[in-house]
Amino acid sequence: MSIWKTCTGVMLSIRISAWYRTEKNDKNNEKMLPKFSFILVFFSGVAFSVLLSIIPFEWIPLGLGRTRSPQLDLLPGSGLHNFPMTVKERPLVRPDIKGEALAALHQALDAKIHGKREKAHKLFEHALALDPNHADALNEYGEFLEAEDIVKAELMYTCALLVQPNHNKALINRKRTQPLVEEIDQRYFVRIDMKRDELYRIPGNNPALQRAQLEMYYQHIYHTLAIEGNTLSLAQTRAILETGMAVPGKSVMEHNEVLGLDTAMKYINNSLVHRIGSITVKDILDIHRRVLGNAEPLEAGQVRNTQVFVGSHVPPPPDQLEELLGEFITWLNSEDVQALHPIEFSALAHYKLVFIHPFFDGNGRTSRLLMNLILMQAGYPPVTIKHQDRHAYYEYLETANKGDVRPFIRFIARCTERTLDEYLWVTKPKSVVSFSEVRRYDDGKTIFLKDNDDDDDERK
């Protein structure tokens, strides 16, 4: 830009010098000015052009240059040497928005004092929607919720401490509630283990269980691909796997994603679940090679060599991936970590791998398969994260990126319990299955019909 300004100034000085000599010669009919006059005017123009190149562009009047685009101010520095850029976890909130959030907080506290809990609840949520990182609002909302939902209240205290680590009230509140929440989490794990043991007692040759396993297999492939944006329906996914025939109107890529995930799941079931020994980097690469083998054969099983961006998360640069994967495998096979509850262990492994993001594509699918490998080795069935929960799934991962991974662990625990409930439900004898139990698993796409006996029972 400075070169352009200098050249413009030089050309301008030449034009001024020529004009000056011509005007003087025409008006006075005198001899042309001496050469030193021409040289003086010329170098004056050069000096002006140099000055023009030094002055910042935004100082130049509109008549002399263009104003700088305000979008350039969004990029730090003057070039690409500052990349990769990171998105701020705590974006600045305008003063007027902060004022509105504070006013909503005061109104919420006033409604709380007067016993208007529903109004206070809405005002607290409004205040946090305006300013999500307001430590006082987070702490006050936690105190408001503590009587009815201590787990969410403790989460609010933790969020307040992530924003302001020395917040005295949040420190006291979290210290008081954390042991209670840990006890609740452990009781929840025990309840899930009891359901796992109940499923384990069903004979493997039970026809209902075998049909359920096959159906869950298709559902797992469908949901895990739907989370990534695959548009094939459950029936179409099942048809591809059962018949090997293409579905009209769907892309080759989507078909290959189904085939790749099917291959990866069969590899895990046949080679890794019952293998004795530690999980290695090669195992993860082999899983990924099968996940993307049909869709992206050149990227399959290869650690990425470029920087990637995933929403507000900026994964580690490629030159750190080998070291991070080595540390991850060491952590994965350590005795302390394997002593954790399997659900907690598998959820942490899922989060850590997707945080490292070692591949150009297929990180989520590979992480979910690794999670299920750990769960299956502990006696659980493969857990399905349904595409209806996609928003919550990514929201909990983002919360983990901010510093609290426990909501994500609880989410995986709920998905595990739901999967176990579905297995137990379909293997129950028909006579002991009530219509209310059937409705629990309604996905909104199934029509349930009650027979006449049920209608008669309800009329009685």
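Everything here concerns the structure above.
A. Structural view of the overall build of the protein chain. Counting secondary structure elements, the protein chain contains 19 helices and zero strands. Out of the 460 residues in the protein chain, the part that is buried amounts to 39%. Across the protein chain, contacts joining residues at least 24 apart in sequence account for 62% of those joining residues at least 6 apart. Accessible surface for the protein chain amounts to roughly 27100 Å². Of this, 58% is attributable to carbon and sulfur atoms.

B. Up close: the packing of helix H14 (residues 342-356) against helix H17 (residues 406-426). In contact at an axis separation of 9 Å, H14 and H17 are set at 120 degrees when each is read in the N-to-C sense. Taken together, H14 and H17 sit at an angle that is classed as oblique. In this structure, H14 meets H17 at a crossing whose hand is right-handed. Contacts between H14 and H17 involve Ile343, Glu344, Ala347, Leu348, His350 and Tyr351 from the first element and Phe408, Ile409, Ile412, Ala413 and Thr416 from the second.

C. Up close: the packing of aromatic side chains. Going through the model one piece at a time under the given rule, you end up with eleven aromatic pairs. Where tyrosine 141 meets phenylalanine 144, the ring centres are 6.4 Å apart and the plane angle is 15 degrees; that geometry is what we call stacked. One end of the pair, tyrosine 141, and the other, phenylalanine 144, are both in helix H5 (residues 135-145), three residues apart, so they sit about a helical turn from each other. Comparing tyrosine 141 with phenylalanine 144, the two get one shared label, buried. Cluster of aromatic residues (ring-pair linked, three or more members): Tyr393, Tyr394, Tyr396, Phe408 and Phe411. Seen from the ring of phenylalanine 144, arginine 117 lies directly overhead, with NZ or CZ sitting 4.2 Å from the centre. Seen from the ring of tyrosine 267, arginine 290 lies directly overhead, with NZ or CZ sitting 3.9 Å from the centre.

D. Fine view of the nonpolar core. With 38 residues, the main nonpolar core has Ile268, Phe328, Leu332, Leu369 and Leu370 as its most contacted residues. For this core, the elements supplying multiple residues, two or more each, are helix H8 (207-227), helix H10 (252-272), helix H11 (281-291), helix H12 (321-332), H14 and helix H15 (363-377). Apart from the residues within four sequence positions on either side, leucine 369 is in contact with His220, Leu261, Ala264, Met265, Ile268, Ile287 and Val291. Counting 32 residues, the second largest nonpolar core, distinct from the first, contains Phe189, Leu209, Tyr380 and Ile409.

E. Fine view of the side chain of lysine 386. Its location among the elements puts lysine 386 in the loop between H15 and helix H16 (390-402). Setting aside residues up to four positions removed in sequence, lysine 386 forms contacts with His223, Ile227, Arg418 and Glu422.

F. Molecular detail of the layout of surface pockets. Its boundaries defined by the atoms lining it, the largest pocket holds a volume of some 910 Å³. Residue lining of the largest pocket: 26 residues in total, with Leu138, Met156, Cys159, Thr399 and Lys402 positioned closest to the centre. Elements with a contribution of two residues or more to the lining of the largest pocket: helix H4 (117-130), H5, helix H6 (150-163), H16 and H17. Considering every element that reaches the lining of the largest pocket, the biggest residue donor is H6, with seven residues. Its residues assigned to classes, the lining of the largest pocket shows 13 nonpolar, two polar and eleven charged. Around the second largest pocket, the lining comprises 26 residues; the ones closest to its centre are Gln213, Met376, Tyr380, Pro381 and Pro382. Contributions of two or more residues to the lining of the second largest pocket are made by helix H7 (168-200), H8, H10 and H15. Taken together, the residues of the lining of the second largest pocket break down into 15 nonpolar, nine polar and two charged.

G. Fine view of the side chain of threonine 416. The topology assignment puts threonine 416 in helix H17. In this structure threonine 416 comes out as buried when scored by relative accessible area, which is 1%. Apart from residues no more than four positions distant in its own chain, threonine 416 is found in contact with Ile192, Ile343, Leu375, Tyr380 and Val383.

H. View of H15. Counted at 1.5 Å a residue, the expected span for H15 with its 15 residues is 21 Å, and the 21 Å between its end C-alpha atoms agrees. Here H15 lies mainly inside the structure; 14 of its 15 residues are buried. Positive backbone phi, at 95 degrees, marks glycine 379, one or two positions downstream of H15.

I. How the structure looks around empty space enclosed by the protein. Going through the model one piece at a time under the given rule, you end up with one cavity of 30 Å³ or more. In this structure, the largest cavity spans a volume of roughly 30 Å³. Lining the largest cavity we find His220, His223, Thr224, Ile227, Arg368, Val383, Thr384 and Ile385. Sorting elements by how many residues they give to the lining of the largest cavity places H8 first, with four residues. Residues of the lining of the largest cavity, tallied by class, amount to three nonpolar, four polar and one charged.

So, how was this worked out
Residues numbered from 1 in each chain as written. Predicted model: local features only at pLDDT ≥ 70, side-chain atom pairs only at ≥ 80, totals over all residues. Heavy atoms only, no water. Helix = DSSP H or I, 4+ residues; strand = E, 2+ residues; numbered from the N terminus. Buried < 20%, exposed > 50% of the residue type's maximum accessible area, 1.4 Å probe, protein only. Contact = heavy atoms within 4.5 Å. Areas by Shrake-Rupley, 256 points an atom, 1.4 Å probe, with all protein chains shown as cover. Axes fitted to C-alpha atoms, helices over the stretch in contact; angles between N-to-C directions. Parallel < 35°, antiparallel > 145°, perpendicular 65-115°, else oblique. Left-handed = near helix turned anticlockwise from the far one by under 90°. Phe/Tyr/Trp six-rings, centres within 6.5 Å; stacked < 30°, edge-to-face > 60°. Lys NZ or Arg CZ within 6 Å of the ring centre and 35° of its normal. Core = buried A, V, L, I, M, F, W, Y, C linked by side-chain atoms within 4.5 Å. 1 Å grid on protein atoms, 1.4 Å probe; cavity = no way out; pocket = protein on both sides within 12 Å on 5 of 7 lines; lining within 4 Å. Points joined across faces, edges and corners; volume = space filled by probe spheres on them. Nonpolar A, V, L, I, M, F, W, Y, C, P; charged D, E, K, R; others polar. Expected span 1.5 Å × (residues − 1).

Treat this as a map of the structure, not an account of what it does.
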